[in-house]
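The residues making up each chain are set out below.
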Amino acid sequence: KTGGELLPAKNSAAKRQRQNEKRRTRNRTARSRIHTVKRRFLEAVEQSDKTTAEKTYAEIIQLIDSAANQGIYQRNTADRKKSRLHKKLNALGAV
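Structural notes, computed from the coordinates. Each chain carries its own residue numbering, running from 1 in the written order of its sequence. With the structure being a predicted model, the display of local features is reserved for residues of pLDDT at least 70 and the display and counting of side-chain atom pairs for 80 or more, all residues being used for whole-chain, interface and lining totals. In computing side-chain values, all of the structure's heavy atoms are included and hydrogens and water are not.

### Focus: the overall build of the protein chain
Thinking step 1. Helix numbers and strand numbers start at the N terminus; a helix is a DSSP run of H or I with at least 4 residues, a strand a run of E with at least 2. From N to C terminus, the protein chain includes three helices and zero strands.
Thinking step 2. For this measure, only C-alpha atoms enter the radius of gyration; the expected value for a globule follows 2.2 Å times N^0.38, where N is the number of residues. Computed over the C-alpha atoms, the radius of gyration of the protein chain is 18 Å, more than 25% above the 12 Å expected from 2.2 N^0.38 for a compact globule of 95 residues.
Thinking step 3. Dimensions of the protein chain, computed from the C-alpha atoms along their principal axes, are close to 60 × 25 × 15 Å.
Thinking step 4. Here the protein chain, with 95 residues, has 23% of them falling under the buried criterion.
Thinking step 5. Looking at the protein chain alone, contacts between residues at least 24 apart form 49% of all its contacts between residues at least 6 apart.
Thinking step 6. In the protein chain, the 24 positive side-chain charges and the 9 negative ones have mean positions that sit 10 Å from each other. For every residue, the accessible area obtained with a 1.4 Å probe (protein chains only) is divided by the maximum for its type, and the residue is called buried under 20%, exposed over 50%, and partly exposed between those limits. Throughout, a residue-residue contact means that at least one pair of heavy atoms, one from each residue, lies within 4.5 Å. In this charge count, Lys and Arg are treated as positive and Asp and Glu as negative; neither His nor the chain ends contribute. For charged residues, the charge sits on one atom: NZ in Lys, CZ in Arg, CG in Asp, CD in Glu.

### What to know about the pattern of salt bridges
Thinking step 1. Counted as salt bridges are all cases of a side-chain nitrogen of Lys or Arg within 4 Å of a carboxyl oxygen of Asp or Glu. Scanning the entire structure with this criterion turns up eight salt bridges.
Thinking step 2. Among the ionic pairs, Arg-40 bridges to Glu-59, the shortest N-O distance being 3.8 Å. Of the two residues, Arg-40 is situated in helix H1 (residues 11-46) and Glu-59 in helix H2 (residues 50-69); the sequence distance between them amounts to 19 residues.
Thinking step 3. Assessed through its relative accessible area of 35%, Arg-40 is described here as partly exposed.
Thinking step 4. For Glu-59, a relative accessible area of 22% gives the class partly exposed.

This is how it looks when you write it as C-alpha cells:
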C-alpha cells in the first residue's frame, strides 16, 4: 500500500476499502470530464462563439445528467449546475 494507508482488520472492511477506491476513481474521472467540457464551454462563451458554446452545452448537460443518475452529483446539484450554464448560454444570445 501507499503512504499512510492502514490495512483493515476484517475482510468486510477490506472489501469496503476496495469498493471505495473503485468508486472514488470512477467519480473522479467523471467529474474531471465535466470540468474539462465546462472549461471549453466557458471559453466559447468568452469568445462569443455561439455555435461552439451550444455544442459543448449539449455535451455538458448529457455528462451532468449521467453523473447525477450514477449518484456522482445529487439531483439538485446537477440541476443548479445546468441552470447556471444555461444562464450563460442565454446571455450569449442576448449579446
